[in-house]
Amino acid sequence: MAQFTLYAAPGACSRVPLMSLEEAGADYDLELIRFMKGEHKRPDYLAMHPAGKVPLLVTPEGPLTQNVAIARYLGQVFPKLLPQANGAYEAEKITADLAFCADTLHPIVTRMRMPMFMVEGPEAQASVKAKAMEAMQPLAKVVNDRLANGPWWYGETWSILDAYIYWIWFRISGCGFPVEDCPAWAAHAEAMQARPAVQRALAKDAALQERLEADGLVPKKA
Ligand SMILES: N[C@@H](CCC(=O)N[C@@H](CS)C(=O)NCC(=O)O)C(=O)O
């Protein structure tokens, strides 16, 4: 049995720990959660993740939920994944950066991509999406300005923050958001795609998608 098990869904924010585990060269198994079959709401899964979401990382010590906590944990087990902070303030600045992704950017992304989870009807959904796009604009500038001093979120050193910011990029691309206004973020995404560990993670994520397609749970991508 592997040291860790990551429960994930293709395209979901479980890509963040997936890329991190690949970057670390960790020993882990990957388990597919089929939202369409309600696997994230089954009692055995809820016993490990009461909120019924992905990602879930099962560690030798027990299950761990929430991307911020999983990133913090992986950063301790594999020190190359996060900057090693000098003191409480520096440490919590890193937590704040992770929380910026999880608590500020991610909910806006959800409203941009999945307004149907928020309100009923096409007009209300279009309005939720438009508001979310508007809210994302100044935040995208914050990210872009930060990455202009890159190549990575923390300058010369790659970290889990880069995996998180790259997942957000994936979600805001291709939905009408003006990503062309964020050239540094686009360059960051390209640099991410050139990393062998990221390529391995994306291939595993694509394999999960293919399993959903093979089961007839999602339409086959053209
Ligand atoms: N704050 C949570 C957010 C997790 C989350 O919203 N995951 C989404 C996928 S990106 C999910 O599982 N959605 C399924 C659902 O809510 O039913 C974290 O950081 O882990």
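Predicted model, so just to flag it, every value in this text is computed and none were measured.

A word on the domain arrangement of the chain
Okay, so step 1: The domains assigned to the chain are domain 1 (4-80 + 197-214) and domain 2 (85-195).
Okay, so step 2: For domain 1 versus domain 2, the distance between C-alpha centres works out to 19 Å.
Okay, so step 3: Facing 18 residues of domain 1, the contacting portion of domain 2 comprises 20 residues.
Okay, so step 4: Among the residues of domain 1 in contact with domain 2, V16, V68 and R72 are the three that bury the most area, contributing 30% of the side total.
Okay, so step 5: For the interface between domain 1 and domain 2, the tally reads one salt bridge.
Okay, so step 6: Its salt-bridge partner being R195, residue E23 comes within 2.7 Å of it at the nearest N-O pair.
Okay, so step 7: Inspection of the region where domain 1 meets domain 2 yields nine residue pairs in polar contact (both at pLDDT 80 or more).

Digging into the site of the ligand
Okay, so step 1: Looking at the ligand, the residues that line it are A12, C13, F35, H40, K41, K53, V54, P55, Q66, N67, H106 and Y164.
Okay, so step 2: Between a nitrogen atom of the ligand and a side-chain N or O atom of Q66, the distance comes to 2.7 Å.
Okay, so step 3: Note that an oxygen atom of the ligand is positioned 3.1 Å from one of the backbone N or O atoms of N67.
Okay, so step 4: Compared with its free state, where it exposes 520 Å², the ligand has 77% of that area covered by protein.
Okay, so step 5: Along the lines of polarity and charge, the residues of the shell around the ligand split into six nonpolar, four polar and two charged.

Regarding helix α1 (residues 15-24)
Okay, so step 1: With 10 of its 10 residues buried, α1 lies for the most part within the structure.
Okay, so step 2: If you check which residues of α1 are buried, you get R15, V16, P17, L18, M19, S20, L21, E22, E23 and A24.
Okay, so step 3: Once α1 finishes, G25 follows within two positions and takes phi at roughly 70°, a positive value.

With respect to the packing of aromatic side chains
Okay, so step 1: On inspection of all chains with the given rule, the structure shows five aromatic pairs.
Okay, so step 2: Measuring from centroid to centroid gives 5.5 Å for W169 and W185, while their planes differ by 50°, and the two rings are tilted. Of this pair, W169 sits in helix α6 (residues 160-172) while W185 sits in helix α7 (residues 183-193), placing them 16 residues apart in sequence.
Okay, so step 3: An aromatic cluster of at least three residues, connected via ring pairs, comprises F4, Y73 and F78.
Okay, so step 4: Positioned over the ring face of F170 is R15, at 4.0 Å from the centre of the ring.
Okay, so step 5: Sitting above the plane of the W152 ring, R195 keeps its charged end 5.1 Å from the centroid.

The rules behind the values
- Residues numbered from 1 in each chain as written.
- Predicted model: local features only at pLDDT ≥ 70, side-chain atom pairs only at ≥ 80, totals over all residues.
- Heavy atoms only, no water.
- Domains from an automatic or database assignment.
- Contact = heavy atoms within 4.5 Å.
- Buried area = accessible area lost by both parts, 1.4 Å probe.
- Salt bridge = Lys/Arg side-chain N within 4 Å of Asp/Glu carboxyl O.
- Polar contact = N/O pair within 3.5 Å; in protein donor to acceptor, adjacent residues only side chain to side chain.
- Near = heavy atom within 4 Å.
- Areas by Shrake-Rupley, 256 points an atom, 1.4 Å probe, with all protein chains shown as cover.
- Nonpolar A, V, L, I, M, F, W, Y, C, P; charged D, E, K, R; others polar.
- Buried < 20%, exposed > 50% of the residue type's maximum accessible area, 1.4 Å probe, protein only.
- Helix = DSSP H or I, 4+ residues; strand = E, 2+ residues; numbered from the N terminus.
- Phe/Tyr/Trp six-rings, centres within 6.5 Å; stacked < 30°, edge-to-face > 60°.
- Lys NZ or Arg CZ within 6 Å of the ring centre and 35° of its normal.

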